[in-house]
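# Fold and geometry: a report
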Amino acid sequence: MTTLLIIAVLVVFAALLYVFWRQQQKHLKFSTRVFVALFVGILFGGALQLVFGTKDAVVTGALEWIQIVGNGYVSLLQMLVMPLVFVSIVCAFTRMKESNKLGKISFTVLATLLATTAVAALIGYTSIVLFNLDGASFTQGAAESARIAELAERQTQVQNLSIPQQILSFIPTNVFADLAGTRATSTIGVVIFSAFVGVAYLGVKRKAPKEADFFAKLMDSLYKIVMRIVTLVLRLTPYGVFALMTNVLASSNFAAIVNLGKFILASYSALIVVMLLHLLVLSFVKVSPMTYLKKALPVLSFAFTSRSSAGAMPLNIETQTKAFGVDDATANFAASFGISIGQNGCAGVYPAMLATIVAPSAGIDIFSLQFVLMLVAVVTISSFGVAGVGGGATFASLIVLGALNLPIAIVGLVISVEPLIDMARTAINVSDAMVAGIVTSTRIKEIDRNVLENPEAVIDTQA
């Protein structure tokens, strides 16, 4: 009977996939298809949860097959990350009209990422205070206890990495190993190597224009091939989003969500305020918040469902250039840096919230100016070095808690609602990278306002 029910669920799932395929054949707008897939995934996954429950053999059996579509889509996007980082940054140099803008681009992107992370940390702190969660205690079950024991071991690895060692770990020693993603810092390693290739190109361009021109054409061809692959993969977005959201809703522990409801509410409130911060920053560079939200919806929806900043990178670059009119060089720099440095959600809001919750148990006055300034400083600095140890928000939190001499148990106690909060955190991370690109492109006066203000200029994967 169980097998028949699993087959029935999969038949319904396949039928819904066919509906999305028909929408694509009718050339329905990409953003509309993504939004429909998101909504249908919520309904379908919620229905499975209500009918069978999270632990039922029917749900677990069906999700194994459904995850092929969702996780397979994310894997295809992650497959593109390293080659895309390499060709994007190198082409940023070869396409740069004025090489003297390189420093301004790099500085503005990093400054925007880190400055917004500092403010995000302050917002996370404020959220905990307003929701009166400072010193709060959460239920500890078997899963939480196991997670705490695992985190204690991982914190030892974090503590053994000093800031100089973290910086040193960024430097690539074997670029081919980094292209294969064998290290936690592989992405930054590829960024650094690509930057060296780009700088070398600029030197060759001055001394041997003919050879430099050949290299530029070669990289341009390679970039177009990679982006064509990106387009082919992005066509699968509605299917991937639908499968990912189905998995999230069908496997979420609603009882744990209710138990930690106040913390979830505080987290989402803080992340929404960070999004409002992004919109405020954009308004300063004369970008309509409504225009931004409408055009960014596809990539933010994918980031929300996939929980992968790296996986969203191709969509990130496409959105910046085709929807917002950001120049190629800036879009590639912002998207590349944004997946490893200054992530507002994972490395800004979340560590600050956890530190503020547990600080009173360590006898720290969270209302003291010293604590607030120290928290913001540590979070901002750590957000630059999170890639040195990997693990996203978890390791960012371990670094911050360790630097402030605070207990790490809180990280394990919220494990049951981690996926739900991580969805919004990832969307905020991706949004921050796009904001950095738009701000930078505006500053160097390379942004195409005609594209930005054109409501029809959106991501199109039909070509």
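As a starting point, this report considers the structure included with it. Everything numeric here is computed off the predicted structure, so don't read it as measured data.

For the rest of this paragraph, the subject is a nonpolar patch on the surface. Together, M1, L4, L5, I7 and V11 give the surface a local cluster of nonpolar side chains, amounting to about 520 Å² of exposed area. Along the chain, L5 turns up in helix α1 (residues 2-25). Given a relative accessible area of 30%, L5 falls into the partly exposed group.

Per the counting criterion, the structure on display carries one cavity of 30 Å³ or more. Computed from the structure, the largest cavity encloses a volume of approximately 50 Å³. Forming the walls of the largest cavity are F30, S31, K294, K295, P298, A323, V458 and I459. Elements with a minimum of two residues in the lining of the largest cavity: α2 (30-52) and α13 (289-306). Counting residues per element, the lining of the largest cavity draws most heavily on α13, at three residues. Grouping the amino acids of the lining of the largest cavity by side-chain chemistry returns five nonpolar, one polar and two charged.

Moving on, we get to unusual backbone geometry. The residue N132 is not glycine, and still its phi comes out positive at about 55°. Residue class for N132 comes out exposed when judged on its relative accessible area of 55%.

Before going further, it helps to examine the packing of helix α4 (residues 102-130) against helix α16 (residues 345-358). Where α4 contacts α16, the axes come no closer than 7 Å and their chain directions differ by 35°. The two elements α4 and α16 meet at a crossing, and its hand is right-handed. Along the contact surface, α4 presents T117, A120, A121, G124, Y125, S127 and I128, while α16 presents A347, G348, V349, A352, M353, T356 and I357.

What follows covers the packing of α1 against α2. It is the contact of α1 with α2, at a shortest axis distance of 11 Å, that shows an interaxial angle of 170°. When the interaxial angle is binned, α1 and α2 end up roughly antiparallel. Counted together, L5, V9, V12, F13, L16, F20, Q23 and Q24 of α1 and R33, V36, A37, V40, F44, L48 and F52 of α2 form the full contact between these two elements. Along the lines of polarity and charge, the residues of the contact of α1 with α2 split into twelve nonpolar, two polar and one charged.

What counts and how
Here the residue numbers are simple positions, counted from 1 along each chain's written sequence. Given that the model is predicted, a residue must reach a pLDDT of at least 70 before its local features are reported, and side-chain atom pairs must reach 80 or more before they are shown or counted; all residues, however, enter totals for whole chains, interfaces and linings. In computing side-chain values, all of the structure's heavy atoms are included and hydrogens and water are not. Without a salt bridge and with relative accessible area above 30%, a residue can belong to a patch; like charges are then joined within 9 Å and nonpolar side chains (Val, Leu, Ile, Met, Phe, Trp, Tyr) within 5 Å. Here, Shrake-Rupley sampling with a 1.4 Å probe gives the accessible areas, and only protein chains in the shown set may cover a residue. Every case where a carboxyl oxygen of Asp or Glu lies within 4 Å of a side-chain nitrogen of Lys or Arg is listed as a salt bridge. Each helix is a run of DSSP H or I of at least 4 residues and each strand a run of E of at least 2, with the numbering of both proceeding from the N terminus. With a 1.4 Å probe rolled over the protein chains alone, any residue whose accessible area is under 20% of its type maximum counts as buried; one over 50% counts as exposed, and the rest are partly exposed. For cavity detection a 1 Å grid was placed over the protein atoms alone, and a set of points counts as a cavity when a 1.4 Å probe fits there but cannot get out; an open set counts as a pocket when protein lies on both sides within 12 Å along at least five of seven lines, with lining residues being those that have an atom within 4 Å of a point. Grid points are joined across faces, edges and corners, and a volume is the space filled by probe spheres set on the points. Polar here means any residue other than Ala, Val, Leu, Ile, Met, Phe, Trp, Tyr, Cys and Pro, which are nonpolar, and Asp, Glu, Lys and Arg, which are charged; Gly is therefore polar. Every axis corresponds to a line fitted to the C-alpha atoms, with the helix fit spanning only the stretch in contact, and the corresponding angles, defined between N-to-C directions, vary from 0 to 180 degrees. Left-handed describes a crossing in which the near helix is turned anticlockwise from the far one by less than a right angle; the clockwise case is right-handed. We call two residues contacting when some pair of their heavy atoms lies within 4.5 Å. Roughly parallel refers to an angle under 35 degrees, roughly antiparallel to one over 145, roughly perpendicular to one between 65 and 115, and oblique to any angle outside these ranges.

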